[in-house]
Amino acid sequence: MQDTELYEKLLGIKNPWKVTKVELDSAAGRVDVWVNDFPGTKWDCPECKIKASVYDHSEERVWRHLDTCQFGTYIHARMPRIKCPDHGIRQISVHWAEPGSRFTLLYENRVIDTLKECDVTGANRLTGTTWSEAWNIMEKAVARGLRRKEISVPEYIGIDEKSFAKRHHYETLVCNLTTGTVECVLDNRDQESLEGYYSQFNREDLAVIKAIAMDMWDPYIAATKNFVPDAERKIVFDRFHVMRQVTDALDKVRRQEHKQLMKKGEEWLKGTKHLWLMNEERIPDWRKGDFDEIRKMKLKTSRAWAIKESLRHFWNYIYPKNAEKFFKRWYFWAAHSRLKPMIEAAKTLKTHILNILTYFKHRITNSVVEGLNSKIQMVKQMACGFRNREHYRKAILFHCGGLDLYASAA
């Protein structure tokens with residue numbers, strides 16, 4: 001088999017193209033392959049698909065391809081231009097690369113695989129691309145995936161915020177809880193941002209939504225009620241955010257009491273912060289003895305911890321009515337605890353109890369979104385942060401959007 005035939009097989013070159021020359025430069029570590037079209041070939045017009053003869057050929061272009069063994073492989077070709085009777089001079093594209101790209105489809109897909117595993121700088125080292133080239137491939141992949149994606153409303157949605165940078169700069173994540181993917185990344189975390197997502201759908205589309213998990217953030221609530229039919233029955237306040245209200249209140253009680261005890265020279269609460277915040281069964285065995293001793297002391301923190309732990313049983317109920325009865329008993333206890341942070345937390349939960357109880361109908365949480373947040377945080381750390389919001393959004397969609405990213409032949 002001649003080298004030209006070999007590379008036609010390796011590169012997938014097909015009629016009306018043929019490999020006419022192959023050159024190996026061992027010193028430079030590269031293989032150059034020249035591809036020409038068959039003379040007399042008639043091409044389909046890109047606009048109307050009518051067959052037309054070749055008018056001329058463009059300047060020679062070079063595409064980087066996957067390596068042949070340890071040698072970089074480069075494809076050379078002059079692309080034909082045709083003269084369509086209706087549309088005039090039109091450039092014919094090649095089947096091994098996308099228009100305007102300096103890389104073959106297979107090479108771009110290799111870079112995409114690499115970008116999925118590491119940051120752009122790491123992809124540069126592994127693939128031999130520059131930062132701009134690798135980032136351009138990522139941008140094209142996201143744009144390609146968004147074009148291919150069917151625009152529809154998920155039945156189960158999770159809404160959460162993610163910090164973009166310091167000083168309270170946030171993005172809003174809209175996630176599909178069924179597929180575990182990010183649907184949309186929105187600027188800021190205000191009402192207008194979320195309404196911008198909802199407004200691209202009509203009311204019939206939004207009626208498909210069965211439930212929406214979110215935290216108790218008023219702008220998200222207002223936007224959802226303004227657009228989603230029967231939103232009052234579909235909003236589910238995430239159980240982990242509900243518990244965080246009480247856990248944060250417990251920590252306030254601990255910090256206040258710790259300061260008072262330290263003034264007396266007592267260090268009972270020193271180094272115990274995480275023990276109080278943990279679920280009881282997750283406390284390490286080697287700390288259980290000390291923790292039990294502290295709990296038996298008549299401390300405000302011990303009472304606050306008992307209130308927090310009691311609320312965990314709320315989520316074990318099957319029927320909303322029974323859960324509501326339990327919450328009323330729990331609320332009475334918390335509201336009469338004489339612990340200001342716990343009282344405030346209990347009142348907050350009571351204000352939102354209707355959409356806390358919807359959990360027992362839909363049984364959804366934002367745990368999927370929290371998992372995506374962790375993945376996004378890893379992407380931020382690999383990139384050493386993002387200064388450009390558009391880059392940040394594209395990185396999120398690339399890694400968490402569930403998009404069909406790969407280039408394919410036409």
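Look a little higher up for the structure.
Residues numbered from 1 in each chain as written. Predicted model: local features only at pLDDT ≥ 70, side-chain atom pairs only at ≥ 80, totals over all residues. Heavy atoms only, no water.

Some words on the overall build of the protein chain
- Along the backbone of the protein chain there are 18 helices and 14 strands.
- In summary, the protein chain has a C-alpha radius of gyration of 30 Å against a globular reference of 22 Å for 410 residues, an excess of more than 25%.
- Oriented by its inertia axes, the alpha-carbon framework of the protein chain measures out at about 95 × 55 × 35 Å.
- Relative to its 410 residues, the protein chain shows a buried fraction of 47%.
- For the protein chain, the proportion of contacts with a sequence separation of at least 24, taken over those separated by at least 6, is 60%. (Helix = DSSP H or I, 4+ residues; strand = E, 2+ residues; numbered from the N terminus. Rg over C-alpha atoms; globule rule 2.2 N^0.38 Å. Buried < 20%, exposed > 50% of the residue type's maximum accessible area, 1.4 Å probe, protein only. Contact = heavy atoms within 4.5 Å.)

Some words on the sheet that holds strand β2 (residues 30–37)
- Taken in spatial order, the four strands line up as β1-β2-β7-β6 in an open sheet, and their pairing is mixed. Strand pairing shows two members of the sheet lacking a second neighbour, β1 (17–25) and β6 (61–68), which therefore form its edges. Neighbouring strand axes in the sheet, compared pairwise and without regard to direction, differ in orientation by 25 degrees on average.
- Where helix α1 (residues 3–11) meets the sheet, it contacts β1, β2, β6 and β7 (71–77), and its direction lies at approximately 110 degrees from that of β1. (Pairing = 2+ DSSP bridges. Axes fitted to C-alpha atoms, helices over the stretch in contact; angles between N-to-C directions.)

Looking at helix α12 (residues 300–311)
- Between its first and last C-alpha atoms α12 spans 17 Å; for twelve residues at 1.5 Å apiece the expected length is 16 Å, and the two agree.
- Extensive coverage of α12 is indicated by the burial of nine of its twelve residues.
- Turning to α12, its buried residues are Thr301, Ser302, Ala304, Trp305, Ile307, Lys308, Glu309, Ser310 and Leu311.
- Buried residues along α12 sit in contact with α9 (239–263), α10 (273–277), α11 (285–296), α13 (320–335) and α14 (340–351). (Expected span 1.5 Å × (residues − 1).)

Looking at the pairing of strand β12 (residues 181–187)
- Counted residue by residue, β12 has six buried out of seven residues, so it is predominantly covered.
- The pairing of strand β11 (residues 169–176) with β12 spans six bridges and is antiparallel. If you follow Asn176 over to β12, its bridge partner there is Thr181.
- Taken together, β11 and the strand that follows it, β12, pair antiparallel across an intervening segment of four residues, in which Gly180 is found at a positive phi of about 70 degrees.

Observations concerning the packing of aromatic side chains
- Applying the stated criterion to the full structure yields 20 aromatic pairs.
- Measuring from centroid to centroid gives 5.3 Å for Phe103 and Tyr107, while their planes differ by 10 degrees, and the two rings are stacked. Note on accessibility: Phe103 and Tyr107 belong to one class, buried.
- Ring centres of Phe327 and Tyr331 lie 6.3 Å apart, and the angle between their planes is 25 degrees; on these two criteria the pair is classed as stacked. Within this pair, Phe327 and its partner Tyr331 are both found in helix α13, separated by four residues, close to a single helical turn. The pair formed by Phe327 and Tyr331 is uniform in burial state, with each residue classed as buried.
- One aromatic cluster is present, formed by Phe314, Trp315, Tyr317, Phe326, Phe327, Trp330, Tyr331, Tyr359 and Phe360 through successive ring pairs. (Phe/Tyr/Trp six-rings, centres within 6.5 Å; stacked < 30°, edge-to-face > 60°.)

A word on unusual backbone geometry
- The omega torsion of the bond from Asn15 to Pro16 falls at 15 degrees, within 30 degrees of zero and hence cis.
- Positionally, Pro16 belongs in the loop between α1 and β1.
- Phi is positive for Cys69, which is not a glycine, with a value near 55 degrees.
- Mapped onto the secondary structure, Cys69 falls in the loop between β6 and β7.
- One non-glycine residue, Arg338, lies in positive phi territory at about 60 degrees.
- With respect to the element layout, Arg338 can be found in the loop between α13 and α14.
- You can call Arg338 exposed: its relative accessible area is 73%.

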